[in-house]
Amino acid sequence: MDWSYTPLLFVLPLALMIPIVMLVLTNVLGPKNPSAAKSVPYESGIAPPTSAEQRFPVRFYLVAVSFLLFDVEAVFLFPWAVRFKELGWFGFGVMSIFLAILVLGLVYEWRKGGLEWD
Amino acid sequence: MLAIPEIGWSDLTPLLPFLILCVGGLVLVLIDALIRGRAGFPWAPVTALLPAAALVAYAARWGDAVGETVFGTMFIEDSFGSTVGVLICIATLLAVFLSGSYLDKVGRTRGEYYALIAFSASGLVLFASTTELLSLFLGLELLSIPVYVLSGYLRKNPLSLEAGMKYFLLGAFSSAVFLFGGALIYVTTGTTDLVEGLRLGAGSPLAQLGFLILLSGLLFKAATVPFHMWTPDVYQGAPTAVTAFMATAVKAAAFGALARVVAAGSPLWDNIPLTQVLWWVAVLTMTVGNLAALTQTNVKRMLAYSSIAHAGYLLIGLVVFSQTGDHDALSGMLYYLLAYTVMNIGAFGVVIYWANHEREHLEIPQYAGLGWRTPALGLAMSVFMISLAGIPPTAGFFGKYYIFRSAIEHGFHSLIIIAVLNSALSVYYYLRVMVALYMRKPVATLELGRSTVVGAVVAVCAVATFWIGFAPDAFSFVPGVPSIVEWVQGAAIAAR
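Everything quoted here is computed from the prediction, not taken from an experiment.

Caption draft 1: Quick look at the overall build of chain B. Across its full length, chain B holds 20 helices and 2 strands. Here chain B has a C-alpha radius of gyration of 22 Å; the compact-globule value for 496 residues is 23 Å, and the two agree. With the C-alpha coordinates of chain B rotated into their principal frame, the extents come out at 70 × 60 × 40 Å. Across the 496 residues in chain B, those meeting the buried criterion constitute 59%. Long-range contacts, defined here as pairs at least 24 residues apart, represent 81% of the contacts in chain B between residues at least 6 apart.

And the structure:
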């Protein structure tokens, strides 16, 4: 059995205790003087015009999904770029296939009107 | 310096069925993008070319599939994988033809449906042809995600939406369970190859635990008790053609992968009570499935519970295999999967055939007198019900016979007594459909739909149900199903 991680077991309750103690103490000891200006979401920022709890267009979701896809694409591109020379034509071929599939997705989204806002 | 794998065309040939389905799916996406949803494109026939081409690819290499691995150990080409692959392609082919007519009837013909079916089929093929944890997981996701979407495909229908949502949430959870099991094996042994990993980690409790967790992730996909809760709701809510696909192709792949994982776990067989675990899962699965099916009035829900019960019968093959390593049990399982595929697709086909443009007729009492109104379809439905109940001389009987026989030969008497009692119980709810078809007066004039393509699929399935039943020797079966055993032994020898 590997015991080298055992200290972590002792750190765990300690790590739990610290925030609990801090939260309890501030609640008990801290002076409270609430006012309307203090309880807005962004205390020193712009006053929110309406409540945040309302419906918003589902198109934001599409944008988020597209962003996620092409963001992950970049994650895969980086290691290839770092090892570009070693990977040579083989790496180029594999990445081309990968990119071609993603481009196909983009073409599909475009043609299906996924990129249009209205 | 990095090791660049040398990849030639010869490495890709074993992957051909997978590549055909996968690239075919991409082409379908492209076509859908280019025609911009214009009506009139023959989606179903074009999509059907993919599993048909994959079948040709399997046939062309039938004798050559001798347990070689491709890309390291990422993909195995052996006769077991090819057999499951053929089953998957047959089920996909039939389901695609059902889909064409079904989507026309519900007025939701869209290209993406067919692309998703193709992607899912490629995942199924991969899932059944590997013991590498990474490709196993890749296959699992590739087959699952399209099926989640397809379950919720009728997005104006609350039942379908519920099915999609439920399947997605539970399926994602079971994928996580699967990954966790795989991670435990990896962490103990430092390899993602399941055969190698379980050989190295045979004595480690962590790897044994990982193996059992991995197994439960797979048992979820195979819809076995206690991981069956999603099945009735998803099968009922999903579009009927998708249900047919899920109940046959996905089930075949899930059992293929299960058999591989159980085989790869052979070094553990002495260390954990695997046979007992599978024994209880099998007994619970068939009993719960059958008891719940007794009271169902919705035909899709009834078939869902029946598919749970059938998963229980199929598991008997694995119980025997996990005790004895006898490959006959596995060929019985594969034979039963083939029988199950044709009779189940046929039954769903009849349901789709009768659906008209406004609605499907899913309540069994609605079928009153339909056997006299549409004699051919009524007869076909009766054949499928008789076969599902396991009455000779149909395929369902011989499938059960092969599985039960190998279990009896190895002394699993109590298991078989329970299974036969269960079979007898199931006759009640299958025959209830026939009673409605022939012995009840029609309650109201039902507006029936029709479809030539679905009629043809139903006819093919009905003939196949008898043909497989009458000529079981023609299928007994599958050159070299022993290969999974040889392959496990081979891997063990190679690893020494």
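Further notes follow.
Caption draft 2: Structural view of the overall build of chain A. Looking only at helices and strands, chain A features 3 helices and 0 strands. Reading the secondary structure of chain A in the N-to-C direction produces α-α-α. Computed over the C-alpha atoms, the radius of gyration of chain A is 26 Å, more than 25% above the 13 Å expected from 2.2 N^0.38 for a compact globule of 118 residues. By principal-axis analysis of the C-alpha atoms, chain A measures approximately 65 × 60 × 25 Å. Each of the 118 residues in chain A was classed as buried or not, and the buried ones make up 0%.

Caption draft 3: Looking closely at unusual backbone geometry. All names here are of chain B. Val225 connects to Pro226 through a cis peptide bond whose omega is 5°. Mapping Pro226 onto the fold places it in the loop between α9 (205–221) and α10 (230–237). Along the chain, Pro392 connects to Pro393 via a cis peptide bond; the corresponding omega equals 5°. Mapped onto the fold, Pro393 is located in the loop between α16 (375–389) and α17 (395–409). At Ala223, a residue that is not glycine, the phi angle is positive and equals roughly 60°. Checked against the element boundaries, Ala223 lands in the loop between α9 and α10. On the basis of neighbour counts, which here come to 28 C-beta atoms within 10 Å, the residue Ala223 falls in the buried class.

Caption draft 4: Molecular detail of α9 of chain B. Residue and element names in this part refer to chain B. Its 17 residues give α9 an end-to-end C-alpha distance of 25 Å, which sits within 8% of 24 Å, the value for a rise of 1.5 Å per residue. Every buried residue belonging to α9 is among Ala207, Gln208, Gly210, Phe211, Leu214, Leu215, Gly217, Leu218, Leu219, Phe220 and Lys221, and all of these are buried. Of the surrounding secondary structure, the elements contacted by the buried residues of α9 are α7 (158–189), α8 (194–200), α11 (240–264) and α12 (274–294). Looking one or two residues beyond α9, the residue adopting positive phi is Ala223, at roughly 60°.

Caption draft 5: Here's a closer look at the interface of chain B and chain A. Between chain B and chain A, the residue contacts involve 10 residues of the former and 10 residues of the latter. Across the side of chain B that touches chain A, the residue classes tally to 8 nonpolar, no polar and 2 charged.

Caption draft 6: Examining the packing of α16 of chain B against helix α19 (residues 452–470) of chain B more closely. All names here are of chain B. Here α16 crosses α19 at 40°, and the two axes come no closer than 10 Å. Here α16 lies oblique to α19, going by the angle between them. For the pair α16 and α19, the crossing hand works out as left-handed. Mapping the contact onto sequence places Leu377, Ala380, Val383, Phe384 and Ser387 in α16 and Val458, Ala459, Ala462 and Thr465 in α19. The residue inventory of the contact of α16 with α19, partitioned by class, reads 7 nonpolar, 2 polar and no charged.

Caption draft 7: Molecular detail of the confidence of the model for chain A. Per-residue pLDDT for chain A has a mean of 85; in total, 98% of the residues score no lower than 70. Per-element confidence in chain A is highest for helix α1 (residues 6–29) of chain A, whose mean pLDDT is 91, and lowest for helix α2 (residues 59–82) of chain A, whose mean pLDDT is 88.

Caption draft 8: Looking closely at the packing of helix α3 (residues 43–60) of chain B against helix α5 (residues 111–127) of chain B. Residue and element names in this part refer to chain B. It is at 10 Å that the axes of α3 and α5 come closest, and there the two elements cross at 10°. Relative to α5, α3 is oriented roughly parallel. Contact residues: Trp43, Thr47, Leu50 and Pro51 in α3; Gly111, Tyr114, Ile117, Ala118 and Ala121 in α5. Its residues assigned to classes, the contact of α3 with α5 shows 7 nonpolar, 2 polar and no charged.

Caption draft 9: Structural context of the nonpolar core. Counting residues in each nonpolar core, the largest one holds 178 residues, and the members touching the most others are Ile88, Leu98 and Ala253 of chain B. Considering every element that reaches this core, the biggest residue donor is helix α14 (residues 327–354) of chain B, with 20 residues.

Caption draft 10: The arrangement of the environment of Thr287 of chain B in detail. Tracing the chain through its elements places Thr287 of chain B in helix α12. On a C-alpha basis, the gap between Thr287 of chain B and Val177 of chain B in space is 25 Å, while along the polypeptide they are 110 residues apart.

Caption draft 11: Representation of the environment of Leu314 of chain B. Residues and elements named next belong to chain B. For Leu314, the location among the structural elements is in helix α13 (residues 299–324). In this structure Leu314 comes out as buried when scored by C-beta crowding, with 28 C-beta atoms within 10 Å. The residues touching Leu314, leaving out its near neighbours within four places in the chain, are Phe255, Met333, Tyr336 and Leu337.

Caption draft 12: Looking closely at the confidence of the model for chain B. Residue and element names in this part refer to chain B. Residue-level pLDDT values for chain B average 87, and 92% of them are 70 or greater. Confidence drops under pLDDT 50 across residues 477–485; counting only partners more than four residues distant or on other chains, this segment forms 29 contacts. In the predicted structure, residues 487–496 sits below a pLDDT of 50 and forms 11 contacts with residues beyond four places in sequence or in another chain. For this predicted complex, the interface score ipTM comes out at 0.77, while the overall pTM is 0.87.

Reading the values: rules and limits
- Residues numbered from 1 in each chain as written.
- Chains lettered and ligands numbered in written order.
- Predicted model: local features only at pLDDT ≥ 70, side-chain atom pairs only at ≥ 80, totals over all residues.
- Helix = DSSP H or I, 4+ residues; strand = E, 2+ residues; numbered from the N terminus.
- Rg over C-alpha atoms; globule rule 2.2 N^0.38 Å.
- Buried ≥ 20, exposed ≤ 12 C-beta atoms within 10 Å, placed from the backbone.
- Contact = placed C-beta atoms within 7 Å.
- Expected span 1.5 Å × (residues − 1).
- Nonpolar A, V, L, I, M, F, W, Y, C, P; charged D, E, K, R; others polar.
- Axes fitted to C-alpha atoms, helices over the stretch in contact; angles between N-to-C directions.
- Parallel < 35°, antiparallel > 145°, perpendicular 65-115°, else oblique.
- Left-handed = near helix turned anticlockwise from the far one by under 90°.
- pLDDT = per-residue confidence, 0-100.
- Core = buried A, V, L, I, M, F, W, Y, C linked by C-beta atoms within 7 Å.

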